[in-house]
Amino acid sequence: MRNGRTGNILASYPMEEGGEFSVRFMHSVNKSTVEDRYRIENGKIVVYETVYYNFGAGVQTEVEDGQTLTYGEDGSMIVSGFDKPIPDLSYNVSPVYDHILSVNGEEISLRQLCGKDRFVTFSYEKGKK
């Protein structure tokens, strides 16, 4: 994970092919939690699933070809079947709500790690830790 403006490394986490991580945040419009889930496939970061709790501007409202919508026991809506490589995965860490990175069984506050109102980018670098 890098500072999206300077390119400086903020943190690095070991991950192998097939490894998964997610970023959870509060949606700024509908004020509910959204979690984007990613895995490493063929050396690339691939989004495979998004979990959310309310509809609203900026949240997917239609299921596209190849995607499925299921409901979690907690009432969440889970859209899966994206399987789309994200070459430039980035987030703006909100000055109001935190973003939580879940990786290797650990939850990391991006606000604590890099500060409020920061632009961060994620990449997979094979063989690097």
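Fair warning: this is a prediction, and the values are worked out from it, not measured in the lab.

Reading the values: the criteria
Residues numbered from 1 in each chain as written. Predicted model: local features only at pLDDT ≥ 70, side-chain atom pairs only at ≥ 80, totals over all residues. Heavy atoms only, no water. Pairing = 2+ DSSP bridges. Helix = DSSP H or I, 4+ residues; strand = E, 2+ residues; numbered from the N terminus. Core = buried A, V, L, I, M, F, W, Y, C linked by side-chain atoms within 4.5 Å. Buried < 20%, exposed > 50% of the residue type's maximum accessible area, 1.4 Å probe, protein only. Contact = heavy atoms within 4.5 Å. Salt bridge = Lys/Arg side-chain N within 4 Å of Asp/Glu carboxyl O. Phe/Tyr/Trp six-rings, centres within 6.5 Å; stacked < 30°, edge-to-face > 60°. Lys NZ or Arg CZ within 6 Å of the ring centre and 35° of its normal.

Enquirer: How should I be thinking about the sheet that holds strand 7 (residues 89–93) in this particular structure?
Expert: To summarise the sheet geometry, strands pair through backbone hydrogen bonds and adopt either a parallel or an antiparallel arrangement. In spatial order, the strands read 1-10-7; together these 3 strands make up an open sheet with antiparallel pairing. The strands lining the two open edges of the sheet, one partner per strand, are strand 1 (2–3) and strand 7. Pairing geometry for strand 7 and strand 10 (residues 118–122), over 5 bridges, is antiparallel. From the neighbouring strand, Y91 faces strand 10, where its bridge partner is V120.

Enquirer: Can you help me understand the nonpolar core in this one?
Expert: The nonpolar side chains of a soluble globular protein tend to be buried with one another. The biggest cluster of nonpolar side chains holds 25 residues, and the ones touching the most others in it are F21, I45, Y91, L101, L110, V120 and F122. If you list the elements that add at least two residues to this core, you get strand 2 (20–26), strand 3 (33–41), strand 4 (44–52), strand 6 (77–85), strand 7, strand 8 (99–103), helix 1 (110–114) and strand 10. Filtering out sequence-adjacent residues up to four positions away, L101 remains in contact with M1, Y13, F21, S22, V23, E106, E107, I108, L110 and F122.

Enquirer: Hey, could you run me through unusual backbone geometry in this one?
Expert: Both trends apply: most residues other than glycine have a negative phi, and most peptide bonds are in trans. In this structure, N42 is a non-glycine residue whose phi angle is positive, near 50°. On the secondary structure map, N42 appears in the loop between strand 3 and strand 4. For N42, a relative accessible area of 70% puts it in the exposed group. Backbone geometry places D83, a non-glycine residue, at a positive phi of 45°. Residue position: D83 is located in strand 6.

Enquirer: Please clarify how the pattern of salt bridges should be interpreted in this entry.
Expert: Two side chains carrying opposite charge are able to pair once their charged atoms lie near each other. Taken as a whole and judged by the stated rule, the model has 6 salt bridges. In this structure, the salt-bridge partner of E20 is R39, at a minimum N-O distance of 3.5 Å. On the criterion of sequence distance, the pair formed by E20 in strand 2 and R39 in strand 3 is long-range, its members being 19 residues apart. R37 is the partner of E35 in a salt bridge, and the nearest nitrogen-oxygen pair spans 3.2 Å. The exposure class of R37 is partly exposed, given its relative accessible area of 23%. Where salt bridges share partners, they join E20, R39 and E41 into one cluster.

Enquirer: Got a minute to help me understand the packing of aromatic side chains in this structure?
Expert: Describing an aromatic ring pair means giving the distance of the ring centres and the angle of the ring planes. Scanning the model with the defined rule gives 4 aromatic pairs in all. Arranged with centres 5.1 Å apart and planes meeting at 25°, the rings of F21 and Y38 form a pair that is stacked. Placement of the pair is F21 in strand 2 and Y38 in strand 3, with a sequence separation of 17 residues. Residue F21 shares its accessibility class with Y38, and that shared class is buried. Grouping aromatic residues by their ring pairs yields a cluster made of F21, F25, Y38, Y91 and F122. Over the face of the ring belonging to Y48 we find R39, whose NZ or CZ atom lies 3.8 Å from the ring centre.

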